[in-house]
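Architecture at a glance
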Amino acid sequence: MRIGKISDNEKMIKIQAEIYCTNCGKQVPGGLRTGEKYAQTKEFEIEISEFKKKYLCGICRDKKRLKKD
Ligand SMILES: [Zn+2]
């Protein structure tokens, strides 16, 4: 999964972060990827912590969407 800002020619790096679905607790497979430069910014730290607070896995996201319909 990609997060943050990645420029066209920028190298991507893999982030070692443990992220779990906030609803069912399932771990995100494969980790996260972002641009090499962006990964070193404060902005990125904030984004990743927000992402962890709100993350829903595909299944829970679908369920949520079905409830709304
Ligand atoms: Zn889930």
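Another aspect to go through is the overall build of the chain. In terms of regular secondary structure, the chain is built from two helices and two strands. Mapped in sequence order, the helices and strands of the chain form the string β-β-α-α. Considered along the principal axes of its C-alpha atoms, the chain spans approximately 40 × 20 × 20 Å. Looking at the chain as a whole, 3% of its 69 residues qualify as buried. Pairs at least 24 apart in sequence give 66% of the contacts found in the chain among residues at least 6 apart.

A separate point is the confidence of the model for the chain. The predicted model of the chain averages 89 in pLDDT, with 97% of residues at 70 or higher. Here helix α2 (residues 58–68) stands out as the element of the chain with the lowest mean pLDDT, 87, in contrast to helix α1 (residues 42–54), whose mean of 93 is the highest.

Take the environment of Glu 18 next. Note on placement: Glu 18 falls in the loop between β1 (12–15) and β2 (32–35). When the C-alpha positions of Glu 18 and Glu 43 are compared, they lie 19 Å apart, and in sequence the two are 25 residues distant.

Along the chain, Arg 33 turns up in strand β2. Considering only alpha carbons, one finds Arg 33 and Phe 51, 18 residues apart in sequence, at a separation of 13 Å. Discounting residues that sit within four places of it in the chain, Arg 33 has contacts with Met 1, Arg 2, Met 12, Ile 13, Lys 14 and Ile 15.

Criteria and cut-off values
Residues numbered from 1 in each chain as written. Predicted model: local features only at pLDDT ≥ 70, side-chain atom pairs only at ≥ 80, totals over all residues. Helix = DSSP H or I, 4+ residues; strand = E, 2+ residues; numbered from the N terminus. Buried ≥ 20, exposed ≤ 12 C-beta atoms within 10 Å, placed from the backbone. Contact = placed C-beta atoms within 7 Å. pLDDT = per-residue confidence, 0-100.

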